[in-house]
Amino acid sequence: MNETIVSVRDLSVRYRTKDVTTYAADHVSFDLARGKVLALVGESGSGKSTVAMALLRILPTQATITGGSVLFDGRELMDMSDRELRGIRGRRMAMIFQDPIAGLNPVISIGDQVAETLTSHLQVNKKEAKARALTILREVGLPDPERVAKAYPFQLSGGMCQRVMIGIATALDPEVLIADEPTSALDVTVQAQILHQLQQLREKRGTTILLITHDFGVVAQAADEVAVMYAGRVIESGATREMLTRPLHPYSHALLATLPRLDGAGGPLHAIPGAPPSLSEPSERCPFIPRCGKVMNVCRNEPPPALVRPEGANHDVACYNPIWRG
Ligand SMILES: Nc1ncnc2c1ncn2[C@@H]1O[C@H](COP(=O)(O)OP(=O)(O)OP(=O)(O)O)[C@@H](O)[C@H]1O
Ligand code: SF4
Ligand SMILES: [Mg+2]
């Protein structure tokens, strides 16, 4: 069995609307290790959701994957036919969307939506599917599943919709679950419950999870590994503990420096001085130059640095002058 279940290499995506082109993902590379949780972290607009949607090939029509490779269990997803992709989506790799309400169909009852996931992929009749839908709703911790099953998304809270989405995404027991900011719209207590649920999935079923978040507290609590995105690029990646205690990239370093450390809980990303660059042109230089306190001539004269492991380090960074404490 492959230890790496998803391997992303040099994935690039751009959006083209009437008058703007956005280079949203630029040579993104990372690996998802089977049964582990990888957190994809970054400020708003850094390209996290774009990467997630590219993995399932569910990008909106204005997006084009301009290059790169995504191997799923050793097979190239970029070359798969729609039919082959349908066999993978939902069944082997599923996604919980960032907006729980938008992720559900507003005009179909919750019970029917869960049941439909089952009937469209498994050999079950409608009655069996409805009964199983109730079990699924119960398993994701929803009180009174019978009532929830009859409800429509607008009648539920954000946290309840998020649980329904988790139920739908995990109904077919996928090997990989992509959870796009599954907790950001929720209050702290519900956030903790949802995270706990994801951890249970990983422990009980060995689900591999790509957890998208902008919260380092969530990272510290739930992720084995982290990849940090900045302006469409992965600028640092490695084991969570290593990354959080010895960040190598000036951006990660600045982000972590803004967090309250003593309680160890972390928190959401805070703004660091300056703004991320516009993504309307492909980066010809390191995109962090305008905000970086460690710029050297090489940064201004060479293409963006590749993600590599500095000699003696235990994780990877894309920087010509990483913060290095030996
Ligand atoms: N459908 C779209 N059409 C045009 N541009 C888009 C579209 N979706 C995203 N973008 C642009 O692509 C870039 C990356 O967006 P993306 O949603 O992937 O970022 P993100 O890291 O998920 O942000 P957030 O934390 O706010 O969810 C942004 O500049 C965004 O404006
Ligand atoms: S490559 Fe240069 S500009 Fe970019 S983050 Fe590293 S030191 Fe700063
Ligand atoms: Mg997003």
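## Focus: the pairing of strand β3 (residues 37–41)
Most of β3 sits out of view: five of its five residues are buried. Residues Val37, Ala39 and Val41 of β3 are buried on one face, and the alternating residues Leu38 and Leu40, pointing to the opposite face, are buried as well. The pairing of β3 with strand β8 (residues 208–213) spans five bridges and is classified as parallel. By the bridge assignment for β8, Leu40 is matched with Ile212. Bridge analysis of β3 against strand β9 (residues 225–230) gives four bridges, and the strand direction is parallel. From the neighbouring strand, Leu38 faces β9, where its bridge partner is Glu225.

## Focus: the site of ligand 2
Neighbouring ligand 2 are His249, Pro250, Cys286, Phe288, Ile289, Cys292, Lys294, Cys299, Pro305, Cys319, Tyr320 and Asn321. A molecule is said to occupy a pocket when more than half its atoms come within 2 Å of that pocket's grid points, and by this definition ligand 2 occupies the largest cavity. The class makeup of the residues in the shell around ligand 2 is nine nonpolar, two polar and one charged.

## With respect to the coordination of the magnesium ion (ligand 3)
Within the protein, the atoms that donate to the magnesium ion (ligand 3) are Ser49 (OG) and Gln98 (OE1), at distances of 2.0 to 2.4 Å. With Ser49 in helix α1 (residues 48–55) and Gln98 in the loop between β6 (93–96) and α3 (110–121), this residue pair connects regions lying 49 residues apart in the sequence. According to the relative accessible area criterion, Gln98 is partly exposed, its value standing at 37%.

## Brief notes about the packing of aromatic side chains
For any pair of aromatic rings, the description rests on two quantities: the centre-to-centre distance and the angle between the ring planes. Applying the stated criterion to the full structure yields three aromatic pairs. Between Tyr230 and Phe288, the aromatic rings sit 5.2 Å apart at their centres with planes inclined by 90°, giving edge-to-face as the arrangement. Taken together, the residues Tyr230 in strand β9 and Phe288 in the loop between α10 (250–257) and α11 (297–301) connect sequence positions 58 residues apart. The residues Tyr230 and Phe288 share a single accessibility class, namely buried. In textbook terms, an aromatic cluster arises when at least three aromatic residues are bridged by ring pairs, as seen for Tyr230, Tyr251 and Phe288.

## Considering empty space enclosed by the protein
Evaluated as defined, the whole model comprises four cavities of 30 Å³ or more. Along its surface, the largest cavity is lined by 14 residues, and Cys286, Cys292, Cys299, Cys319 and Tyr320 are the ones closest to its centre. Looking at the lining of the largest cavity residue by residue, the classes come out as eleven nonpolar, two polar and one charged.

## Focus on the sheet that holds strand β4 (residues 63–72)
Read from one edge to the other, the open sheet built from four strands follows the order β2-β1-β4-β5, with strand pairing classed as antiparallel. Two strands close off the open sheet at either side, each with one partner strand: β2 (21–33) and β5 (75–76). Both strand β1 (residues 4–16) and β2 contribute to a ladder of nine bridges, which runs antiparallel. Across the sheet, Tyr15 pairs through a bridge with Thr22, a residue of β2. Strands in contact with α1 are β1, β2 and β4; relative to β1, the strand with the most contacts, it is inclined by about 115°.

## Observations regarding the domain arrangement of the protein
Partitioning the protein into structural domains gives domain 1 (33–59 + 75–92 + 174–317) and domain 2 (103–173). For domain 1 and domain 2, the distance between their C-alpha centroids amounts to 29 Å. At the interface, 16 residues of domain 1 touch 14 residues of domain 2. Interface area for domain 1 against domain 2, summed over the two sides, is near 1300 Å², with a carbon-plus-sulfur share of 55%. Linking domain 1 with domain 2 are one salt bridge, by the criterion used here. Across the pair Asp173 and Arg205 runs a salt bridge, and its minimum N-O distance is 3.4 Å. Counting every contact that joins domain 1 to domain 2 gives five residue pairs in polar contact (both at pLDDT 80 or more). Take the side of domain 1 that touches domain 2: its biggest share by element is six residues, from helix α7 (residues 188–205). Per-class residue counts for the side of domain 1 that touches domain 2 are seven nonpolar, three polar and six charged.

Rules and cut-offs
Residues numbered from 1 in each chain as written. Chains lettered and ligands numbered in written order. Predicted model: local features only at pLDDT ≥ 70, side-chain atom pairs only at ≥ 80, totals over all residues. Heavy atoms only, no water. Buried < 20%, exposed > 50% of the residue type's maximum accessible area, 1.4 Å probe, protein only. Helix = DSSP H or I, 4+ residues; strand = E, 2+ residues; numbered from the N terminus. Pairing = 2+ DSSP bridges. Near = heavy atom within 4 Å. 1 Å grid on protein atoms, 1.4 Å probe; cavity = no way out; pocket = protein on both sides within 12 Å on 5 of 7 lines; lining within 4 Å. Sits in = over half its atoms within 2 Å of the grid points. Nonpolar A, V, L, I, M, F, W, Y, C, P; charged D, E, K, R; others polar. Donors = N, O, S within 2.8 Å, 3.2 Å for Na, K, Ca; no water. Phe/Tyr/Trp six-rings, centres within 6.5 Å; stacked < 30°, edge-to-face > 60°. Points joined across faces, edges and corners; volume = space filled by probe spheres on them. Contact = heavy atoms within 4.5 Å. Axes fitted to C-alpha atoms, helices over the stretch in contact; angles between N-to-C directions. Domains from an automatic or database assignment. Buried area = accessible area lost by both parts, 1.4 Å probe. Salt bridge = Lys/Arg side-chain N within 4 Å of Asp/Glu carboxyl O. Polar contact = N/O pair within 3.5 Å; in protein donor to acceptor, adjacent residues only side chain to side chain.

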